[in-house]
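For reference, the chains in residue letters:
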Amino acid sequence: MFAATRLIGRRIHGTSDVTVPKLSGFSIVSPKHVAVEYADGTKFKFSSEFLRVNSPAADGKVRSVGGDKVISGRRFVGIMSAEPVGNYGVRLVFDDLHRTGIYPWDYFYELGSNKFGLMRNYIKTLQKHHLSREPPPRRK
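Residues numbered from 1 in each chain as written. Predicted model: local features only at pLDDT ≥ 70, side-chain atom pairs only at ≥ 80, totals over all residues. Heavy atoms only, no water.

Naming follows an unreviewed UniProt entry, where the protein chain appears as Gamma-butyrobetaine hydroxylase-like N-terminal domain-containing protein of Brassica cretica.

See the structure below:
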C-alpha cells in the first residue's frame, strides 16, 4: 500500500534529504489531537491547532502581516473528520471549516521532526505582530 521508505526534500527547514519510513498508523485521538506512527517506531502526536496553522493549503485564512503569513486565533480549533486521499495522505476538515489542506504522510513526518521549532517560530511571529493564539471574542 505505501512505499517502504521514501526520500523527501525538506520543505520546512532547509534542503537536506530525509528518508521517511513507511506509515504504520494514523488516528484522530480526539477532536484536538492526531497520532501518526511510522514503521521504524517513530510516533508523533499533533494538536489540531498545530496542524491547522501548518496547513499545506494555499489558502487557509492566512493574514499577511508585515510580510509574514500568519494564522491567529486557532488555539481551540478541532478536527471534524479525516478523509483519505489516495495512498499518500489525508484531508483534514477543521471545525473552522478549513478543508483544503491535504497532508501527505511525508509532511506529517516533516512536521513531527520540526515540531518544537515550528511552534516556537509560530508563537514568536504572533507576538511580533501583537496577535494571539486565542480566538477573537464572539460578536453579540
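From this point, the narrative continues.
Another point: the side chain of Arg74. Locating Arg74 in the fold gives a position in the loop between β7 (68–70) and β8 (79–85). The class for Arg74 is buried, based on a relative accessible area of 14%. At a separation of 3.2 Å, a polar atom in the side chain of Arg74 contacts the main-chain carbonyl oxygen of Ser72. (Helix = DSSP H or I, 4+ residues; strand = E, 2+ residues; numbered from the N terminus. Buried < 20%, exposed > 50% of the residue type's maximum accessible area, 1.4 Å probe, protein only. Polar contact = N/O pair within 3.5 Å; in protein donor to acceptor, adjacent residues only side chain to side chain.)

This paragraph deals with the sheet that holds β8. Here three strands make up an open sheet; going across it, the order is β8-β9-β10 and the pairing antiparallel. Because the sheet does not close on itself, it has two edges, and the strands there are β8 and β10 (102–104). Averaged over neighbouring strand pairs, the angle between their axes works out to 30° when direction is ignored. As paired strands, strand β9 (residues 89–94) and β10 are joined by three bridges and run antiparallel to one another. When the bridges of β10 are listed, Val90 appears paired with Tyr103. Packing against the sheet, helix α2 (residues 105–113) makes contact with β9 and β10, and its axis sits at approximately 80° to β10. (Pairing = 2+ DSSP bridges. Axes fitted to C-alpha atoms, helices over the stretch in contact; angles between N-to-C directions. Contact = heavy atoms within 4.5 Å.)

Any two side chains of opposite charge can pair if their charged atoms end up close together. Scanning the model with the defined rule gives six salt bridges in all. Between Glu83 and Arg91 there is a salt bridge whose closest N-O contact spans 3.4 Å. We note a salt bridge from Glu83 to Arg99, for which the minimum N-O separation is 3.2 Å. Placement of Glu83 in strand β8 and of Arg99 in the loop between β9 and β10 is noted, with a sequence separation of 16 residues between them. Note on Arg99: relative accessible area 41%, which makes it partly exposed. Several salt bridges share partner residues, and in doing so they unite Arg52, Arg74 and Asp96 into one network. (Salt bridge = Lys/Arg side-chain N within 4 Å of Asp/Glu carboxyl O.)

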